[in-house]
Amino acid sequence: MSRAAAPHEDWLDNELRDPEFAAHYLTEAFGGGKDEFLIALGNVVRAHGGVAKMAEAIGKTRPALHRALGAGGNPGFDVIFGVLRELDIAPAFPARKVKATARRRQARRATGR
């Protein structure tokens, strides 16, 4: 028996079907840590047909993928890579903001001062 989706889930699922929105959503979630990223990735998977469909596409079992994409999950790189590839989302790794004091220190080292 499936549960009825909450109105915000319907809205989010619709938005997450857009690859650019999904990529931005995942990038923001990545900044929040591992659990936040995995939950967000699970939301994107749900929006694209669900865990069973994704598990089949990447050669994993539904229960294993469901556990991997929840808080406390510990998926291997092959799972993350497989899901992102199936979603046609390429990861981007922006540099973290460096504090001003660290930038000054780096600049002094670079100039030999």
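Structure's up top.
Residues numbered from 1 in each chain as written. Predicted model: local features only at pLDDT ≥ 70, side-chain atom pairs only at ≥ 80, totals over all residues. Heavy atoms only, no water.

### Some thoughts on the packing of helix 3 (residues 34–47) against helix 6 (residues 77–86)
At a closest axis distance of 11 Å, the pairing of helix 3 and helix 6 adopts a crossing angle of 40°. Judged by the twist between their axes, the crossing of helix 3 over helix 6 is left-handed. Contacts between helix 3 and helix 6 involve F37, L38, L41 and V45 from the first element and I80, V83 and L84 from the second. Its residues assigned to classes, the contact of helix 3 with helix 6 shows seven nonpolar, no polar and no charged. (Axes fitted to C-alpha atoms, helices over the stretch in contact; angles between N-to-C directions. Helix = DSSP H or I, 4+ residues; strand = E, 2+ residues; numbered from the N terminus. Left-handed = near helix turned anticlockwise from the far one by under 90°. Contact = heavy atoms within 4.5 Å. Nonpolar A, V, L, I, M, F, W, Y, C, P; charged D, E, K, R; others polar.)

### Section: the packing of aromatic side chains
Applying the stated criterion across every chain, the model contains four aromatic pairs. Pairing W11 with F21 gives two aromatic rings, centres 6.3 Å apart and planes at 90°, and the pair type is edge-to-face. Here F21 lies in helix 2 (residues 19–30) and W11 lies in helix 1 (residues 7–16), a separation of 10 residues in the sequence. (Phe/Tyr/Trp six-rings, centres within 6.5 Å; stacked < 30°, edge-to-face > 60°.)

### Section: helix 6
Of the positions making up helix 6, those classed as buried are V79, I80, G82, V83 and L84. Contacts from the buried residues of helix 6 go to helix 2, helix 3, helix 4 (51–58) and helix 5 (62–68). D88 sits one or two positions beyond helix 6 and adopts a positive phi of about 60°. (Buried < 20%, exposed > 50% of the residue type's maximum accessible area, 1.4 Å probe, protein only.)

### Looking at the pattern of salt bridges
Going through the model one piece at a time under the given rule, you end up with two salt bridges. The partner of R46 in a salt bridge is D13, and the shortest N-O contact between them spans 2.7 Å. One end of the pair, R46, is in helix 3; the other, D13, is in helix 1, and 33 residues separate them in sequence. A relative accessible area of 27% means that R46 is categorised as partly exposed. Classification of D13 as buried rests on a relative accessible area of 10%. With a closest N to O distance of 2.9 Å, D78 and K60 form a salt bridge. Here D78, found in helix 6, pairs with K60, found in the loop between helix 4 and helix 5; they are 18 residues apart in sequence, far enough to count as distant. (Salt bridge = Lys/Arg side-chain N within 4 Å of Asp/Glu carboxyl O.)

### Focus on unusual backbone geometry
Positive phi is not limited to glycine here, since D88 has a value of about 60°. Considering the arrangement of structural elements, one finds D88 in the loop between helix 6 and helix 7 (100–111). By relative accessible area, which is 67% here, D88 ends up exposed.

### Digging into the environment of H24
Relative to the helices and strands, H24 resides in helix 2. Between the C-alpha atoms of H24 and A92, which are 68 residues apart in sequence, the distance is 9.8 Å.

### Overview of the environment of P91
Within the secondary structure, P91 is located in the loop between helix 6 and helix 7. A sequence separation of 64 residues divides P91 from T27, and the C-alpha atoms of the two residues are 8.1 Å apart.

### Section: the nonpolar core
Counting 24 residues, the largest nonpolar core has L26, L41, M54, L65, V83 and L87 as the members making the most contacts within it. For this core, the leading source of residues is helix 3, giving seven residues. Among all residues touching L87, those that are not within four sequence positions of it are L41, V44, H48 and M54. (Core = buried A, V, L, I, M, F, W, Y, C linked by side-chain atoms within 4.5 Å.)

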